[in-house]
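Tertiary structure, described
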Amino acid sequence: MAKENYLVGLDMGSRSVSAAAVCEDGGGRIKIKAAASIELPKGLERGIVMDIKKVSDAVASVMEEIEEKIAPGNMHEINVGIRGESVQSVNNEGICNIIRTDKEINIEDVYNVIENAKALHIKEDREIIHVIPQEFSINKKTGYENPIGHEGTPLGVKAHIIHTSVCDINNISHVVALSGFPHNETIYHLYPLGEMILSEEEKKIGTLLIDFGAETTSLAAYKKGKIFFSKELPIGMDSITFDISNHFTISSASARTLKEKYGFALSAAVKDQQFPETAEVTAMDDIRKKRVHIAELKDIILPGLEDMLQAVKAEFETQQTPTEEPPLAYINNAVITGGGALLKGMPEAVTRFFGINETRLGTLNPELFIVEDESAHHQKYFSAIACASYPILIRDKNEFEPAKKKYGPIKRWISVVKELLR
Ligand SMILES: Nc1ncnc2c1ncn2[C@@H]1O[C@H](COP(=O)(O)OP(=O)(O)OP(=O)(O)O)[C@@H](O)[C@H]1O
Ligand SMILES: [Mg+2]
């Protein structure tokens, strides 16, 4: 196999650990070479590592699968997604006076104003992981996308700033290190995910991005082409599995199968479906078999889903600061992703519930991606693909970051030790 520089993304979800390997194809698109996933109930809880050994074994297993698919020695960077309640965001402004006589704004001025926007009152145990400029202002005139070369002072910037707990970053690093693979950067998964599945048009007209995970729901809102709001909610689609399991007193595996096979997000859509009257399931003891009535499912799913969507809507209706409008005031559309987005009728339910124009399921845009591993089309890989693509989609394009990082080839430490002992 020819040498190719693959970038790897790792997504440690509440239900599964997933990884993907991508590379630039040379024609402006991103090639998805490999995707791998392993189920991991209870290794993580809402983004927080609960069982270090379990999670690092799962990481080792998916990374080995990826390495096999791309051949060892081709891995150039591993970026890991972080999520969960400890990830928080805020919009902040930075300002700096240009005191030179010429007043022509240069890249150093831009670095300075972005540094100024980072001056937040956050606790010492937190770290800023992303500063995303929304717009610049020159001499109080707003709306500049790139101020370099213009003359004027002061230079201002509005930015979306994402910060998280240093302990959570360290725990993630620890888990990945134990798997034997050194990782490069920790990134908020929703940031590259938005760049990956929303079109430029959608980001301009006002669009919500919702990732319906097992135990977390990640929310973002875009306008004027930029992210203006992001939030991690500690609720997820496994709560519906839990309700089904309790209602029928059946195993959670059976409850999940019922939800995924026969579940519906809208009662209006249930009528048109040709479902059997009953289904065989396993009782809570994991031994006895029993039959349940499928028609009863809607009475459990719909109220649970309504509570969830209500909690999501409440976030989108909230004004973050007195000067900012709530996301629902500027939103027209929504794009949904994550395993929970696959519940039948979910796009229609989101449209109706939020009173917006349209909701679509996130997909891999063929103008951006060449998919060589067909399994990558499944929602559960999207966060891993987004983290893998982060350097191409965002970091290496960002002219406002001082030094662009370049990483060399990565090898699993165990393989390096084996080679040394040979
Ligand atoms: N076809 C389907 N219909 C309905 N629900 C589904 C379907 N496929 C998966 N799900 C649900 O999606 C959830 C898992 O989603 P996902 O794989 O995005 O979670 P995760 O990334 O592991 O978790 P999190 O993002 O919360 O950390 C589970 O509740 C699962 O039952
Ligand atoms: Mg997820």
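This text gives an overview of the structure that appears in the document.

What counts and how
Residues numbered from 1 in each chain as written. Chains lettered and ligands numbered in written order. Predicted model: local features only at pLDDT ≥ 70, side-chain atom pairs only at ≥ 80, totals over all residues. Heavy atoms only, no water. Axes fitted to C-alpha atoms, helices over the stretch in contact; angles between N-to-C directions. Helix = DSSP H or I, 4+ residues; strand = E, 2+ residues; numbered from the N terminus. Parallel < 35°, antiparallel > 145°, perpendicular 65-115°, else oblique. Contact = heavy atoms within 4.5 Å. Nonpolar A, V, L, I, M, F, W, Y, C, P; charged D, E, K, R; others polar. Near = heavy atom within 4 Å. Polar contact = N/O pair within 3.5 Å; in protein donor to acceptor, adjacent residues only side chain to side chain. Areas by Shrake-Rupley, 256 points an atom, 1.4 Å probe, with all protein chains shown as cover. Disulfide = S-S within 2.5 Å. Buried < 20%, exposed > 50% of the residue type's maximum accessible area, 1.4 Å probe, protein only. Salt bridge = Lys/Arg side-chain N within 4 Å of Asp/Glu carboxyl O.

Brief notes about the packing of helix α4 (residues 190-197) against helix α11 (residues 382-393)
One can describe the packing of α4 onto α11 by two numbers: an axis separation of 8 Å at closest approach and a directional angle of 85°. Put simply, α4 runs roughly perpendicular to α11. Between α4, through Tyr 191, Pro 192, Leu 193, Glu 195, Met 196 and Ile 197, and α11, the contact on the second element is made entirely by Phe 382, Ser 383, Ile 385, Ala 386, Cys 387, Tyr 390 and Leu 393. In terms of residue class, the contact of α4 with α11 is made up of 11 nonpolar, 1 polar and 1 charged.

Considering the site of ligand 1
Contacts to ligand 1 come from 21 residues, most closely from Ser 14, Arg 83, Asp 238, Lys 259 and Glu 260. Within the side chain of Arg 83, one N or O atom sits 2.8 Å away from an oxygen atom of ligand 1. Thr 216 places a main-chain nitrogen or oxygen 2.8 Å from an oxygen atom of ligand 1. In the complex, 91% of the free accessible area of ligand 1, which totals 660 Å², lies under the protein chains.

Regarding the state of the cysteines
For the structure shown, the criterion picks out 0 disulfides. Left unpaired, Cys 23 is separated from the closest cysteine sulfur, that of Cys 387, by 17 Å. Accessibility expressed as a relative area gives 3% for Cys 23, which makes it buried.

Details of helix α2 (residues 107-117)
For α2, the set of buried residues is Asp 109, Val 110, Tyr 111, Val 113, Ile 114 and Ala 117. Elements that come into contact with the buried residues of α2 comprise β7 (88-96), β8 (126-138) and β10 (155-165). Where α2 starts, the residue carrying a side-chain oxygen 3.0 Å from the main-chain nitrogen of Glu 108 turns out to be Asn 106.

Description of the pattern of salt bridges
Scanning all chains against the criterion turns up 26 salt bridges. The residue Arg 15 makes a salt bridge to Glu 39 at a minimum N-O spacing of 3.5 Å. One end of the pair, Arg 15, is in the loop between β1 (6-12) and β2 (16-24); the other, Glu 39, is in strand β3 (residues 30-39), with 24 residues separating them in the sequence. Here Glu 372 ties to Lys 31 by a salt bridge, and the two come within 4.0 Å at their closest N and O atoms. Of the two residues, Glu 372 is situated in the loop between β19 (369-371) and α11 and Lys 31 in strand β3; the sequence distance between them amounts to 341 residues. For Glu 372, a relative accessible area of 41% puts it in the partly exposed group. For Lys 31, a relative accessible area of 13% puts it in the buried group.

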